[in-house]
Amino acid sequence: MKKLVTVGGGMLALSSALLLFGCTQTGNQLPDVAVTGVVEDGNTETFQKVADATVILIPASDVAAMGKTPIEIKKDAKNDEPLEDNLAANRDRYQKTKTNAKGEFNFGYVQGGKYYVYVEPKDATYLPGGDKSRKALTTAELNQAPLRIKVSGNTPPGATYIGTSACIECHEGQKHFTKTLHRLGITVIGKPSKLQDFSNFPDYNKGLNQLMAGSKFWFSGYDKSRGFDKYQISTKAPADAASVSFTTTFYKDTDGSLKFKAENLKDPKDPPRIYPVEMTYGGGVYKQRYLVRVGPNLFPFVQFNQLGDDSFADRSRKPWRDYHADWFYNEQTSKLANPPQGKSFDKECASCHYNAYTLTKTAAGDYKAGSNNDRNGEFDIDGDGKPNEINMGCETCHGPGSAHNKADEINMPSTIVSPNKLAAERADMICGQCHSRPQGNLANDQPVNKDNKMMLPGTARNVYLKDYTTREDAAKNDYWADGLHSKSHHQQYTDFLKSSKYRNGTQLVSCADCHETHGNAKFEHQLKTASKSDESCTTCHKNSTDMKKHLVEKAKCTVDPAKITCAACHNTKTMQTGAGMGKGLIGKDGKNYWMNDITSHIYDVPRKDNVGVKGVAPGSAMPIPYTNACGAACHDTRQL
């Protein structure tokens, strides 16, 4: 007689269970069990039960199999959302059940194996996933005790932004968010807001201080083939005076404001132009740029590299770097010029910085960005007498908070997004929309929809790709020659999608697993553990704590483990945003390799026979572990 299996109220034959459930077998047979639990929102003190939600068991083996396929970076891809794409393809054969009025669910029988537990709420009050969808659980673990699954609320229709100050009033424990670079990114010169605490970054304004003290730059050697740094910039007059197009002299005016005067050296009759410099753009790590007012618009101009050195031959690695000086000077007419309206900061950059970003085009052809009001905001950008929040705020990741702020305590959790209760792929998308390089409705790097708005947190990746992008991710030139590793900066999510951490049968990693998003971390880049300590990896990779054994098994490497860390090989800094981390090893031709400053999130170990490295001139080669100081112990650059 065949044993009968109860699945969500139906009766299935045990003989078909392997097909139906995609059973994950291991060396040790896992037990067949019953699984019970409850779905709820909120915290341990204040929560509601979630009724009529569908609880689905997604076999870890299916997710692991997907992880072995080349990921497709395109709309309607079949394998770029590990859980949702598996559901789309296999929903009918997955075991599922519904919660009752008390939020309780019951699987009377689950075939021995390993599963991700995924919740689909009955409507949009809650978002799918749940906090048990991140780690694959064996049936033995599922049976240890009733599961308590927490799901995230959702942004209710019509909810509006209330500002970070209002959020911190109730969530005082998260005030350290004001110390993060997400809050410090844009600062009004001389007037930081009350939501900006620079105590963790004492050298934040190292570049600004030099400008305020008085600095003159010569812009020479125009090269139209280059990107944003078409000029060489120097603090001394070049020997070849004819190569200089114009100069800029920064100075502190009598009212304390920062300005610069542009002078045309090719045409002394061209009247000089004076521009006010209103804000800094960055400065916490690696670089700082300066936002210049030209009429109603702001434009970024000049880049200071904190780790730059004048002795470096590479123009991009010196202390000062040109940033779109070509907007301020027309080489064809040899005249000073104002930047084009369509290149303003509001239109080209602000969406990933402003909380509640909006954009309108004026009758004069200018682009005016908007953001939410906040009594402690940085700057009144719309002239209504109320300061605006022009940096990321709490609501950037949690959604507009007006409904949450007005709700009674029991209903508060259902009115706000809790990223840690989302499936990892949706939580990653919150960070990924800006830590990647798609193009949106404006045909630039801002991922905005047809209404020029950013996606709300909790949005599915495919919805984001379809509604907020016209090009899904980076262009060919944003990668190294291998077409895999990112060359341009802010592409961490671009890389991460290709990593085994994003798609696997064990644990689906989210950005917040490594980074403390609210800023309550002791380590750089808001990391929970020091990036150069093995602990940053071995807390999860417990089978790799014996570094000597790991090196021998994986790379036949006999180097002293004390001289190397996991990061030395797995956290390759392939991308450059500032000056990089300095000189690397010397090649056989006597030229230096360089170390960049932004970590690849693929977590692989690029080989020295990579097409971006082998046979490539050292100054142009993709930085890999074998070409930086860490690789000196066991790899000879003369063999590259």
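Our structure is the block above this text.
A. Spatial organisation of the overall build of the chain. Looking only at helices and strands, the chain features 17 helices and 24 strands. Along the first, second and third principal axes, the C-alpha set of the chain runs to 100 × 65 × 40 Å. Counting only residues that meet the buried cut, the chain has 52% of its 640 residues in that class. The contacts of the chain with a sequence gap of at least 6 include a subset with a gap of at least 24, amounting to 61%. As presented, the chain carries roughly 28,900 Å² of accessible surface, and 52% of it is formed by carbon and sulfur atoms. The averaged location of the 72 negative side-chain charges in the chain is 4 Å from the averaged location of its 81 positive side-chain charges.

B. Examining the state of the cysteines more closely. The full count for this structure, using the stated rule, is 1 disulfide. Cys352 shares a disulfide with Cys434; S-S distance 2.1 Å. Given an S-S torsion of about -95°, the disulfide between Cys352 and Cys434 has left-handed geometry. With Cys352 in the loop between α8 (345-348) and β21 (358-361) and Cys434 in the loop between α11 (424-432) and α12 (461-468), this pair connects stretches of sequence that are 82 residues apart. Note on accessibility: Cys352 and Cys434 belong to one class, buried. Cys394 supplies the cysteine sulfur nearest to Cys167, a cysteine that is in no disulfide, at a spacing of 4.2 Å. Distance from the sulfur of Cys540, which forms no disulfide, to the nearest cysteine sulfur (Cys514) is 6.9 Å.

C. Geometry of the nonpolar core. Core analysis: the largest hydrophobic core is formed by 27 residues, its most contacted members being Phe219, Phe250, Phe260, Phe301 and Phe328. For this core, the secondary-structure elements that each account for two or more residues are α7 (206-212), β11 (215-220), β13 (244-252), β14 (258-264), β15 (273-282), β16 (287-294) and β17 (297-305). Per-element tally for this core: the top contributor is β17, with 4 residues. If sequence neighbours within four positions are ignored, Phe260 has contacts with Thr248, Thr249, Phe250, Tyr251, Arg273, Ile274, Tyr275, Val277, Val292, Phe301 and Phe328.

D. Seen up close, the pattern of salt bridges. Applying the stated criterion across every chain, the model contains 24 salt bridges. A salt bridge links Glu389 to Arg183; its shortest N-O distance comes to 2.9 Å. On the criterion of sequence distance, the pair formed by Glu389 in the loop between β22 (367-370) and α9 (394-398) and Arg183 in helix α6 (residues 181-184) is long-range, its members being 206 residues apart. Accessibility classification places Glu389 together with Arg183 in one group, the buried group. Its salt-bridge partner being Arg226, residue Asp229 comes within 2.9 Å of it at the nearest N-O pair. For Asp229, a relative accessible area of 4% puts it in the buried group. Residues participating in the shared-partner salt-bridge network are Glu40, Lys49, Arg148 and Lys150.

E. Molecular detail of the side chain of Gln303. Mapping Gln303 onto the fold places it in strand β17. Given a relative accessible area of 0%, Gln303 falls into the buried group. Ignoring anything within four residues of it in the chain, the contact list for Gln303 reads Phe228, Lys287, Gln288, Arg289, Pro319, Trp320, Arg321, Tyr323, Thr577 and Gly578.

F. How the structure looks around the pairing of strand β24 (residues 592-595). Of the two faces of β24, the one lined by Asn592 and Trp594 and the one lined by Tyr593 and Met595 are each fully buried. Taken together, the 3 bridges between strand β23 (residues 582-586) and β24 define a ladder with antiparallel strand orientation. Bridge pairing links Ile586 to Asn592 in β24.

G. Main features of the sheet that holds strand β9 (residues 147-150). Ordered by their spatial adjacency, 3 strands build an open sheet running β6-β3-β9, and the pairing between neighbours is mixed. Two strands close off the open sheet at either side, each with one partner strand: β6 (104-110) and β9. Taken pair by pair, the neighbouring strands of this sheet meet at an average axis angle of 25°, ignoring direction. Examined bridge by bridge, strand β3 (residues 33-40) and β9 share 4 bridges and lie parallel to one another.

H. Layout of unusual backbone geometry. Despite not being glycine, Tyr286 shows a phi value in the positive range, around 75°. For Tyr286, the location among the structural elements is in the loop between β15 and β16. Residue classification places Tyr286 among the buried positions, given a relative accessible area of 12%. Unlike most non-glycine residues, Val302 shows phi in positive territory, near 70°. Along the chain, the position of Val302 falls in strand β17.

I. Spatial organisation of the packing of aromatic side chains. Following the criterion strictly, the structure yields 27 aromatic pairs and no others. When the ring of Phe345 is compared with that of Tyr354, the centres are 6.3 Å apart and the planes differ by 55°; the resulting orientation is tilted. Tyr354 sits in the buried class, given a relative accessible area of 5%. In this structure, Lys487 is placed above the aromatic ring of Trp480, and the distance from its NZ or CZ to the ring centre is 4.8 Å.

J. A look at the sheet that holds strand β4 (residues 54-59). With respect to topology, 4 strands assemble into an open sheet ordered β5-β4-β7-β8, the strand pairing being antiparallel. Only two strands of the sheet have a single partner each, and these edge strands are β5 (95-98) and β8 (137-138). Here β4 pairs with β5 via 4 bridges, running antiparallel. In the strand pairing of β5, Leu57 is matched with Gln95. Together, β4 and β7 (114-120) form the strand contacts of helix α2 (residues 60-67), whose direction differs from that of β4 by roughly 55°.

K. α2, seen in detail. Taken together, the buried positions of α2 are occupied by Ala60, Asp62, Val63 and Met66. Buried residues in α2, looked at end-on, bunch into an arc of 160°, giving them a common side. Residues of α2 that are buried sit in contact with β4, α3 (84-90) and β7.

L. Seen up close, the side chain of Asn86. Structurally, Asn86 is set in helix α3. Here the side chain of Asn86 touches Pro82 through a polar contact of 2.7 Å, landing on its backbone oxygen. Not counting residues up to four positions away in its chain, the partners in contact with Asn86 are Ile58, Asp62, Val63, Met66, Glu81, Arg91 and Tyr94.

M. Spatial organisation of the environment of Lys591. If you trace the backbone, Lys591 turns up in the loop between β23 and β24. For Lys591 and Gly42, which are 549 residues apart along the polypeptide, the C-alpha to C-alpha distance reads 58 Å. Lys591 has contacts with Leu585, Ile586 and Pro618, leaving out every residue within four places of it along the chain.

About the thresholds
- Residues numbered from 1 in each chain as written.
- Predicted model: local features only at pLDDT ≥ 70, side-chain atom pairs only at ≥ 80, totals over all residues.
- Heavy atoms only, no water.
- Helix = DSSP H or I, 4+ residues; strand = E, 2+ residues; numbered from the N terminus.
- Buried < 20%, exposed > 50% of the residue type's maximum accessible area, 1.4 Å probe, protein only.
- Contact = heavy atoms within 4.5 Å.
- Areas by Shrake-Rupley, 256 points an atom, 1.4 Å probe, with all protein chains shown as cover.
- Lys, Arg positive; Asp, Glu negative; His and termini not counted.
- Charge placed at Lys NZ, Arg CZ, Asp CG, Glu CD.
- Disulfide = S-S within 2.5 Å.
- Core = buried A, V, L, I, M, F, W, Y, C linked by side-chain atoms within 4.5 Å.
- Salt bridge = Lys/Arg side-chain N within 4 Å of Asp/Glu carboxyl O.
- Pairing = 2+ DSSP bridges.
- Axes fitted to C-alpha atoms, helices over the stretch in contact; angles between N-to-C directions.
- Phe/Tyr/Trp six-rings, centres within 6.5 Å; stacked < 30°, edge-to-face > 60°.
- Lys NZ or Arg CZ within 6 Å of the ring centre and 35° of its normal.
- Arc of directions from axis to C-beta.
- Polar contact = N/O pair within 3.5 Å; in protein donor to acceptor, adjacent residues only side chain to side chain.

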